[in-house]
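Here's the letter readout for the chains.
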Protein chains: 2
Amino acid sequence: MDVTIYQVAQRAGVSIATVSRALRGTGPVSSKTRQKVLKAVEELNFTPSRLGVSLAEGRHAANGIVFPNLAGPYYTEVLLGYEEVAAELGRSVVILSTKGRPNVREAVKELAGRVDGLVVFGRTAPDDLVAELIGVGMPLVFISREPMAGADTLRSENIESARKLALHLRGHGYTRYAFLGAPYAPGDDISQRWEGVSGVLGERIEPVLTAEYTVESGHEAALRLLRSPNRPQALICSDDEVALGALLAAEELGLAVPDDLAVTGWDDIMAARHARPALTTIRQPMREMGARAARALDELISGVRETCAHLNLATELVIRASCGHHPQEDHK
Amino acid sequence: MDVTIYQVAQRAGVSIATVSRALRGTGPVSSKTRQKVLKAVEELNFTPSRLGVSLAEGRHAANGIVFPNLAGPYYTEVLLGYEEVAAELGRSVVILSTKGRPNVREAVKELAGRVDGLVVFGRTAPDDLVAELIGVGMPLVFISREPMAGADTLRSENIESARKLALHLRGHGYTRYAFLGAPYAPGDDISQRWEGVSGVLGERIEPVLTAEYTVESGHEAALRLLRSPNRPQALICSDDEVALGALLAAEELGLAVPDDLAVTGWDDIMAARHARPALTTIRQPMREMGARAARALDELISGVRETCAHLNLATELVIRASCGHHPQEDHK
DNA sequence: TTGTAGGCGTTATCAA
DNA sequence: TTGATAACGCCTACAA
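The rules behind these values
- Residues numbered from 1 in each chain as written.
- Chains lettered and ligands numbered in written order.
- Predicted model: local features only at pLDDT ≥ 70, side-chain atom pairs only at ≥ 80, totals over all residues.
- Heavy atoms only, no water.
- Helix = DSSP H or I, 4+ residues; strand = E, 2+ residues; numbered from the N terminus.
- Rg over C-alpha atoms; globule rule 2.2 N^0.38 Å.
- Buried < 20%, exposed > 50% of the residue type's maximum accessible area, 1.4 Å probe, protein only.
- Contact = heavy atoms within 4.5 Å.
- Lys, Arg positive; Asp, Glu negative; His and termini not counted.
- Charge placed at Lys NZ, Arg CZ, Asp CG, Glu CD.
- Near = heavy atom within 4 Å.
- Polar contact = N/O pair within 3.5 Å; in protein donor to acceptor, adjacent residues only side chain to side chain.
- Pairing = 2+ DSSP bridges.
- Axes fitted to C-alpha atoms, helices over the stretch in contact; angles between N-to-C directions.
- Nonpolar A, V, L, I, M, F, W, Y, C, P; charged D, E, K, R; others polar.
- Phe/Tyr/Trp six-rings, centres within 6.5 Å; stacked < 30°, edge-to-face > 60°.
- Lys NZ or Arg CZ within 6 Å of the ring centre and 35° of its normal.
- UniProt positions renumbered as here; feature names shortened; annotations may be inferred.
- Core = buried A, V, L, I, M, F, W, Y, C linked by side-chain atoms within 4.5 Å.
- Parallel < 35°, antiparallel > 145°, perpendicular 65-115°, else oblique.
- Left-handed = near helix turned anticlockwise from the far one by under 90°.
- Expected span 1.5 Å × (residues − 1).

Asks: Can you walk me through the overall build of chain A in this structure?
Replies: Tallying secondary structure elements over chain A gives 13 helices and 12 strands in all. For a compact globule of 332 residues, the expected C-alpha radius of gyration is about 20 Å, and chain A comes in at 26 Å, more than 25% above that figure. Oriented by its inertia axes, the alpha-carbon framework of chain A measures out at about 90 × 40 × 35 Å. For chain A, buried positions account for 56% of its 332 residues. If you take every contact in chain A between residues at least 6 apart in sequence, the share linking residues at least 24 apart comes to 69%. Each charge sign in chain A was given a centre, from 36 positive and 42 negative side chains, and these centres are 7 Å apart.

Asks: Got a minute to help me understand the protein's contact with DNA strand C in this structure?
Replies: Taken together, 31 residues lie near DNA strand C, and Ile5, Ser20 and Arg24 of chain A together with Thr18 and Thr33 of chain B sit nearest. In the interface set of DNA strand C, defined as its atoms within 4 Å of the protein, sugar plus phosphate atoms amount to 60%. Within the contact set of DNA strand C, a phosphate oxygen lies 2.7 Å away from a backbone nitrogen or oxygen of Ile5 of chain A. The backbone of Ser30 of chain B places a nitrogen or oxygen atom 2.8 Å from a phosphate oxygen of DNA strand C. Counting only elements with at least two residues in the surface near DNA strand C, the list comes to α1 (5–12), α2 (16–24) and α4 (50–57) of chain A together with α2 (16–24) and α4 (50–57) of chain B.

Asks: Which parts of the structure should I look at to understand the sheet that holds strand β9 (residues 262–264) of chain B?
Replies: Backbone hydrogen bonds hold the strands of a sheet together, and the pairing may be parallel or antiparallel. Residues and elements named next belong to chain B. Read across the open sheet, the 4 strands follow the order β7-β6-β8-β9; overall the sheet is parallel. Every interior strand has two partners, whereas the edge strands, β7 (205–208) and β9, have only one. On average, adjacent strands in this sheet sit at an angle of 20° to one another, irrespective of strand direction. Where strand β8 (residues 234–237) and β9 come together, 3 bridges link them in parallel fashion.

Asks: Mind showing me how you'd approach the interface of chain A and chain B here?
Replies: By convention, interface size is frequently given as the accessible area that disappears when the constituent parts associate. Each partner contributes to the interface: chain A provides 47 residues, whereas chain B provides 46 residues. Our enumeration of links across chain A and chain B arrives at 18 residue pairs in polar contact (both at pLDDT 80 or more). Of all elements in the fold, only α4, α5 (73–88), β2 (92–97), α6 (104–112), α10 (215–227), α11 (240–252) and α12 (270–274) of chain A reach the threshold of two or more residues within the side of chain A that touches chain B. With 8 residues, the top contributor of residues to the side of chain A that touches chain B is α5 of chain A. Taken together, the residues of the side of chain A that touches chain B sort by class into 21 nonpolar, 11 polar and 15 charged. Of the strand pairs in this sheet, β2 of chain A and strand β2 (residues 92–97) of chain B are connected by 3 bridges, and their pairing is antiparallel. Across the sheet, residue Val93 of chain A finds its bridge partner in β2 of chain B, namely Ile95 of chain B.

Asks: So what exactly am I meant to see when it comes to the packing of aromatic side chains here?
Replies: Aromatic rings considered in pairs are described by the distance between their centres and by the relative angle of their planes. Following the criterion strictly, the structure yields 12 aromatic pairs over all chains and no others. Measuring from centroid to centroid gives 4.8 Å for Tyr75 of chain B and Phe121 of chain B, while their planes differ by 90°, and the two rings are edge-to-face. With Tyr75 of chain B in helix α5 (residues 73–88) and Phe121 of chain B in strand β3 (residues 117–121), the pair connects residues that are 46 residues apart, well separated along the chain. Ring centres of Phe179 of chain B and Trp194 of chain B lie 5.4 Å apart, and the angle between their planes is 55°; this geometry places the pair in the tilted category. A residue pair is termed long-range when its members are at least 10 positions apart, and Phe179 of chain B in strand β6 (residues 177–180) and Trp194 of chain B in helix α9 (residues 189–201) qualify at 15 residues. On the basis of relative accessible area, Trp194 of chain B is assigned to the partly exposed category, the value being 22%. An aromatic cluster of three or more residues is present, and its members are Tyr74, Tyr75 and Phe121 of chain A. Across the ring face of Phe142 of chain A, the terminal group of Arg145 of chain A is positioned such that the distance to the ring centre comes to 4.6 Å.

Asks: I'm lost on the UniProt feature "domain: HTH lacI-type" (unreviewed entry) in chain A in this one. Help?
Replies: Under the present numbering, the feature "domain: HTH lacI-type" (unreviewed entry) in UniProt falls on residues 3–57 of chain A. Here residues 3–57 of chain A is 71% helix and 0% strand, with 20 Å between the C-alpha atoms at its ends.

Asks: Just checking my understanding: could you explain the nonpolar core for this structure?
Replies: Soluble, globular proteins show a tendency: their nonpolar side chains are buried together. One finds Leu180, Leu235 and Val263 of chain A together with Leu180, Leu235 and Val263 of chain B to be the most contacted residues of the largest nonpolar core, which totals 56 residues. Apart from the residues within four sequence positions on either side, Leu180 of chain A is in contact with Val208, Thr210, Gly218, Ala221, Ala222, Leu225, Leu235, Ile236, Cys237, Ser238, Val242 and Ala246 of chain A. Core analysis: the second largest hydrophobic core is formed by 52 residues, Met286 of chain A together with Leu80, Val93 and Leu313 of chain B among them.

Asks: Explanation requested: the packing of α5 of chain B against helix α13 (residues 286–302) of chain B in the structure shown.
Replies: When two helices pack together, their arrangement is given by the angle between the helix axes and by the axis-to-axis distance. Residues and elements named next belong to chain B. It is at 7 Å that the axes of α5 and α13 come closest, and there the two elements cross at 40°. When the axes of α5 and α13 are compared, the pair comes out oblique. Viewed along their axes, α5 and α13 form a crossing whose handedness is right-handed. Contact with α5, carried on its side by Tyr74, Glu77, Val78, Leu80, Gly81, Tyr82, Val85, Ala86 and Glu88, involves Met286, Arg287, Met289, Gly290, Ala291, Ala293, Ala294, Arg295 and Leu297 of α13 and no other residues of that element. Its residues placed into classes, the contact of α5 with α13 shows 12 nonpolar, 2 polar and 4 charged.

Asks: So what exactly am I meant to see when it comes to the protein's contact with DNA strand D here?
Replies: Residues in contact with DNA strand D amount to 28 residues; listed here are only the nearest, Thr18, Ser30 and Thr33 of chain A together with Ile5 and Ser49 of chain B. Counting only the atoms of DNA strand D within 4 Å of the protein, the fraction contributed by sugar and phosphate is 65%. Contact distances for DNA strand D include 2.7 Å between a phosphate oxygen and a side-chain N or O atom of Thr18 of chain A. In the environment of DNA strand D, a phosphate oxygen lies 2.7 Å from a nitrogen or oxygen atom belonging to the backbone of Ser30 of chain A. Those elements that provide at least two residues to the surface near DNA strand D are α2 and α4 of chain A together with α1 (5–12), α2 and α4 of chain B.

Asks: Could you clarify how one ought to interpret helix α9 (residues 189–201) of chain A in this entry?
Replies: An α-helical turn contains 3.6 residues, so any two residues separated by three or four positions project in the same direction. All names here are of chain A. Across its 13 residues, α9 extends 18 Å between first and last C-alpha, which sits within 8% of the 18 Å expected from 1.5 Å per residue. α9 sits mainly inside the fold: 10 of its 13 residues count as buried. Of all the residues in α9, the buried ones are Asp189, Ile190, Ser191, Gln192, Arg193, Gly196, Val197, Ser198, Val200 and Leu201. Among the structural elements, α5, β5 (152–156), α8 (159–171), β6 (177–180), β7 (205–208) and β8 (234–237) are those in contact with the buried residues of α9. Note on α9: the residue one or two positions beyond its end, Gly202, has a positive phi of about 55°.

Asks: Is there a simple way to explain the side chain of Arg114 of chain A in this structure?
Replies: Along the chain, Arg114 of chain A turns up in the loop between α6 and β3 (117–121). For Arg114 of chain A, the side chain forms a polar contact with the side chain of Ser92 of chain B, separated by 2.8 Å. Those residues in contact with Arg114 of chain A, other than ones at most four positions away along the chain, are His60, Ala62 and Val94 of chain A together with Arg50, His60, Ala61, Ala62 and Ser92 of chain B.

What follows is the structure, encoded as structure tokens:
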């Protein structure tokens, strides 16, 4: 049904080898012949089959990315940076969301079969599968995961910025803290954030689990927490969405933020800036992370780089109104 | 380098045809032979090559989606619904963002070569290419675009809900309106929204262009507008992000919303609910749109349905605090 | 029940 | 400068 190289060759009165050469500029072709070929290509509106090309070339010219979900701004921002650079490098992007999927293993394996390399968030892919993929030489870039031999790792700085945040809050004079959205897996971003804040605040901070890292979960957990008689004065939330949920809870309970309660988030998503009070948070370079992942993967695939790289991107403490009053208040 | 079906066949002491049959259950295989084959597959850790399978089957088992960008919540929410259902249907998702890309035509064509069907937002793909794709029988689903013969169309209702919104605002008694983020292309969502509101408000509303549909653009345009002596009393924004920008502008100028100025958005993105005042807006079923697009595309690809469908999803006016005071105020 | 062989659409090697 | 032809990895009539 689709036009093949054979039809072009026939129409141009040459062999398929010549058509291929003429089109890719991969060998000598007389300019007269080239004209004929191009004319035939034009007339038949020929486009080489991706499948044929990939099979022959032994590459897909596509990258994959595995993330837990696309519900919040975080992963989509990373994806944005990733897709942009991948496209620039001539690679299509195949996505895979693992949330709520019954057969993650199979899905990741299937994805791996369609691409030349993979970006994987945290532990969204089973460890043994990951090991297997590394084993067969599949280029891999992890984001926010413990470094692993045979794969690149990319993450943004957590521990130091968590410290900085904790110190800032301590400067406000609070004495009872809660960390909302406690970590589930060792080595992930949340664990590192907890490590940083608890390192500074010690006994004064208590970890509180949320069901997920979402507005609803944050809302629910904060409601519970804030109703307790000895409620915390400051809520350090493990991400902005949880913090937004906490803000809603405070409002419902008639607590003024930041006067009755301080709240902070993480990531600096769009809503953080628009919330009132605007959310104090730690900005992560989400797009840049995606862009870097794409570049790193490209290096691995093209073989420009042999050794694996492990990078820690810098973050920025963004002080707004939700953590307490400051001399020169500005709700930027 | 990768294990092929030949190695499995050799190890199991059978032909490749038998291996294929055993694995796909596509023909008679004695259970003894099957055991041998499965054992060999296991030992060699064989996975059929996607390329080989696709080439032989004549299908990619993948869908594409073309959107302008991934920057705001709108497209990502649709993508979320799309990916979820596509995965459920056993199809991978290949994404393409056209924003800032020099060679959109080529990129879309390339994408089309990797998939069995395509979802296309608005006019992100060139009209003639689209016509060409329809011509060669590529299954196509448009979102928010004028219906076209040979392709499905999906959009959410705009005109009627725009009317409803305008009527509600008129009920607040405003007399000078501006529509922030005027339409660029006839037939797109924004045009329909303008059609709806201007139909009700007539001369009392003025269209105002923004550079883009972003917070920054909205902010900038609103600043300009609100500084004018005869500034509007109500800003109907063409989407939530523009509206958020307008809220920031109002705050900067010391205008209280909704007392000095009413502001409304469109889409009901996450930040709309968290902004203060919370944004009155029109909720679009973004995820459902993506999910439906995936289903529609599947029907077209599998040939279950021959005729093209054109669907208009219902929307919902969400009244919050930013459009004016109401008897029973609730900042849900 | 199993194997042989042709086809899917390219690329690239090697002769001519 | 060009053309056969062998991969690439799989599926599936058709024959045995």
